[in-house]
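Results of the structural survey
Here is what each chain is made of, one letter per residue.
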Amino acid sequence: MLKKPETLFVLGYMLLPLLALLSAIVGLTMILGGNRIAGAIVLVVVTQAFAFGAFFALRARKAAVLEESERGQGIRPQ
């Protein structure tokens with residue numbers, strides 16, 4: 001399921017960036033609310049995990065699209 005370009009598109013361009021934005025808002029709200037250590041952890045760790053997840057999903061999507069186009073053209077990978 002995670003090899004399909006459509007699924008990786010949704011993850012890389014929609015779901016994971018949205019979750020990164022929401023976790024950044026939650027972390028900033030926690031910092032401004034007085035819970036500085038937990039807010040910084042959420043802001044740095046969780047937000048970056050979602051952002052890097054989106055980056056890797058887009059890289060995997062690019063590889064899946066290239067593999068699919070090579071199969072459609074009859075070109076064997078070397």
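What counts, and where the lines are drawn
Residues numbered from 1 in each chain as written. Predicted model: local features only at pLDDT ≥ 70, side-chain atom pairs only at ≥ 80, totals over all residues. Heavy atoms only, no water. Axes fitted to C-alpha atoms, helices over the stretch in contact; angles between N-to-C directions. Helix = DSSP H or I, 4+ residues; strand = E, 2+ residues; numbered from the N terminus. Parallel < 35°, antiparallel > 145°, perpendicular 65-115°, else oblique. Expected span 1.5 Å × (residues − 1). Buried < 20%, exposed > 50% of the residue type's maximum accessible area, 1.4 Å probe, protein only. Patch = residues over 30% accessible without salt bridge, like charges linked within 9 Å, V, L, I, M, F, W, Y side chains within 5 Å. Areas by Shrake-Rupley, 256 points an atom, 1.4 Å probe, with all protein chains shown as cover. Salt bridge = Lys/Arg side-chain N within 4 Å of Asp/Glu carboxyl O. Bend = angle between axes of the 7 residues up to and from the residue. Contact = heavy atoms within 4.5 Å.

Here's the deal with the packing of helix α1 (residues 5-32) against helix α2 (residues 36-73)
Between α1 and α2, the shortest axis-to-axis distance is 8 Å and the interhelical angle comes to 170°. In terms of orientation, α1 lies roughly antiparallel with respect to α2.

Observations concerning α2
With 38 residues, α2 ought to run about 56 Å at 1.5 Å a step, and its terminal C-alpha atoms sit 55 Å apart, in line with that. Here α2 has its buried residues at Gly-39, Val-42, Thr-47, Ala-54, Ala-57 and Ala-64.

Description of a nonpolar patch on the surface
A contiguous nonpolar patch, built from Phe-9, Val-10, Tyr-13, Met-14, Leu-15, Leu-18, Leu-19, Leu-21, Leu-22 and Ile-25 and spanning about 880 Å² of accessible area, is present on the exposed surface. With respect to the secondary-structure elements, Ile-25 resides in helix α1.

Side note on α1
Look at α1: 39 Å from first C-alpha to last across 28 residues, which is about the 40 Å you get at 1.5 Å a residue. Roughly 40° is the biggest bend found in α1, and it falls at Leu-11. Residues of α1 that are buried: Pro-5, Thr-7, Leu-8, Gly-12, Leu-16, Ala-20, Ser-23 and Gly-27. Tucked into the core, α1 has its buried residues touching α2. One or two steps after α1, the chain reaches Gly-34, where phi turns positive at roughly 110°.

Coordinates in, geometry out; function isn't part of it.
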